[in-house]
Amino acid sequence: MTRIFDGYCKLLDMLIALALAIMVVLVFGNVVLRYAFNSGITVSEEVSRWLFVWVTFLGAAVAVKERGHLGTDFLVARLPVLGKKVCLVVGHLLMLYATWLLFSGSLAQAKINWDVEAPVTGASVAIFYASGIVFAVSAAVFLLSDLVRALTGRLGEEELVMVQESEDLAQLGRDDGNPHGKR
């Protein structure tokens, strides 16, 4: 299952890189055309805005899998294993609920805007809201996988704390001979 998740995240990373490249070309090309030739790319602003939203949601999905979202482990890291597991389960259930809210809201907006055309491209505005659906489904699968692993005892104690400290702090801890960067 981990290989499938890693492959999926690699695909998302490639899509993010492609979207960023298209955004750079559109925005930079539009700037050059406006200043040098007094013209522009009409779809540049709209497509760039949509790609930015997609990049944000796809990146957030990858961050869920990699446990890269912001958080603090001040209290949880000091709990015994059972306390860490309880906090992980409660936290995952809350995140799944928030993911459900995002999914249902994005799906409702996509349905409402299915026949609405974007002003410049003429594409369905539902494409914009589909990014929330893709994020919610991806995040839910990653969260459910971690939740099942936690409930079946397949998560190690170091994995029960879902927050990663900054790379600077982790490196500082390793330089002091502490392999986990914990103080």
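Residues numbered from 1 in each chain as written. Predicted model: local features only at pLDDT ≥ 70, side-chain atom pairs only at ≥ 80, totals over all residues. Heavy atoms only, no water.

**Concerning the overall build of the chain**
Phase 1 of the analysis: Summing up its helical and strand segments, the chain has five helices and zero strands in all.
Phase 2 of the analysis: Its helices and strands in sequence order give the chain the pattern α-α-α-α-α, from N to C terminus.
Phase 3 of the analysis: The buried share of the chain, taken over its 183 residues, is 32%.
Phase 4 of the analysis: Taking as baseline every contact in the chain between residues at least 6 positions apart, the subset at least 24 positions apart corresponds to 68%. (Helix = DSSP H or I, 4+ residues; strand = E, 2+ residues; numbered from the N terminus. Buried < 20%, exposed > 50% of the residue type's maximum accessible area, 1.4 Å probe, protein only. Contact = heavy atoms within 4.5 Å.)

**Examining unusual backbone geometry**
Phase 1 of the analysis: Of note, Asn-38 is a non-glycine position whose phi angle comes to about 55°, a positive value.
Phase 2 of the analysis: If you trace the backbone, Asn-38 turns up in the loop between helix H1 (2-37) and helix H2 (44-66).
Phase 3 of the analysis: Judged by its relative accessible area of 71%, Asn-38 is exposed.
Phase 4 of the analysis: Even without being a glycine, Arg-67 presents a positive backbone phi close to 55°.
Phase 5 of the analysis: Along the chain, the position of Arg-67 falls in the loop between H2 and helix H3 (81-112).
Phase 6 of the analysis: Residue classification places Arg-67 among the buried positions, given a relative accessible area of 15%.

**Quick notes on the pattern of salt bridges**
Side-chain pairs of opposite charge can arise where the charged atoms are in close proximity.
Phase 1 of the analysis: Tallied over the entire structure, the rule returns three salt bridges.
Phase 2 of the analysis: The salt bridge involving Lys-65 is made with Asp-6; its shortest N-O contact spans 2.5 Å. Of the two residues, Lys-65 is situated in helix H2 and Asp-6 in helix H1; the sequence distance between them amounts to 59 residues.
Phase 3 of the analysis: Ionic pairing is found between Asp-146 and Arg-67, a salt bridge with its closest N-O pair at 3.4 Å. Here the residue Asp-146 occupies a position in helix H4 (residues 126-151), and Arg-67 occupies one in the loop between H2 and H3, the gap between them amounting to 79 residues.
Phase 4 of the analysis: Given the relative accessible area of 10%, Asp-146 is considered buried.
Phase 5 of the analysis: Residues joined by salt bridges that share partners form a network here, namely Arg-67, Asp-146 and Arg-149. (Salt bridge = Lys/Arg side-chain N within 4 Å of Asp/Glu carboxyl O.)

**Observations concerning a nonpolar patch on the surface**
Phase 1 of the analysis: On the surface, Leu-11, Met-14, Leu-15, Leu-18 and Ile-22 cluster together into a nonpolar patch covering about 440 Å² of accessible area.
Phase 2 of the analysis: Tracing the sequence through the fold places Met-14 in helix H1.
Phase 3 of the analysis: For Met-14, a relative accessible area of 52% translates into the label exposed. (Patch = residues over 30% accessible without salt bridge, like charges linked within 9 Å, V, L, I, M, F, W, Y side chains within 5 Å. Areas by Shrake-Rupley, 256 points an atom, 1.4 Å probe, with all protein chains shown as cover.)

**Brief notes about the nonpolar core**
Phase 1 of the analysis: Counting 22 residues, the largest nonpolar core has Leu-12, Val-55, Leu-58, Val-64, Leu-96, Phe-135 and Phe-142 as its most contacted members.
Phase 2 of the analysis: Residue contacts for Leu-58: discarding those within four places in its chain leaves Leu-12, Leu-15, Ile-16 and Val-134.
Phase 3 of the analysis: Counting residues in each nonpolar core, the second largest holds five residues, with Leu-88, Ala-150, Leu-160 and Met-162 among its members. (Core = buried A, V, L, I, M, F, W, Y, C linked by side-chain atoms within 4.5 Å.)

**Quick word on the environment of Ser-39**
Phase 1 of the analysis: Within the fold, Ser-39 resides in the loop between H1 and H2.
Phase 2 of the analysis: When near neighbours in sequence (up to four residues on either side) are disregarded, Ser-39 contacts Asn-30, Leu-33 and Arg-34.

**So, the environment of Ser-106**
Phase 1 of the analysis: Mapped onto the fold, Ser-106 is located in helix H3.
Phase 2 of the analysis: What makes Ser-106 buried here is its relative accessible area of 10%.
Phase 3 of the analysis: Placed 27 residues apart in sequence, Ser-106 and Ile-133 show a C-alpha to C-alpha distance of 5.8 Å.
Phase 4 of the analysis: Ignoring any residue separated from it by four or fewer positions in sequence, one finds Ser-106 in contact with Tyr-129, Gly-132 and Ile-133.

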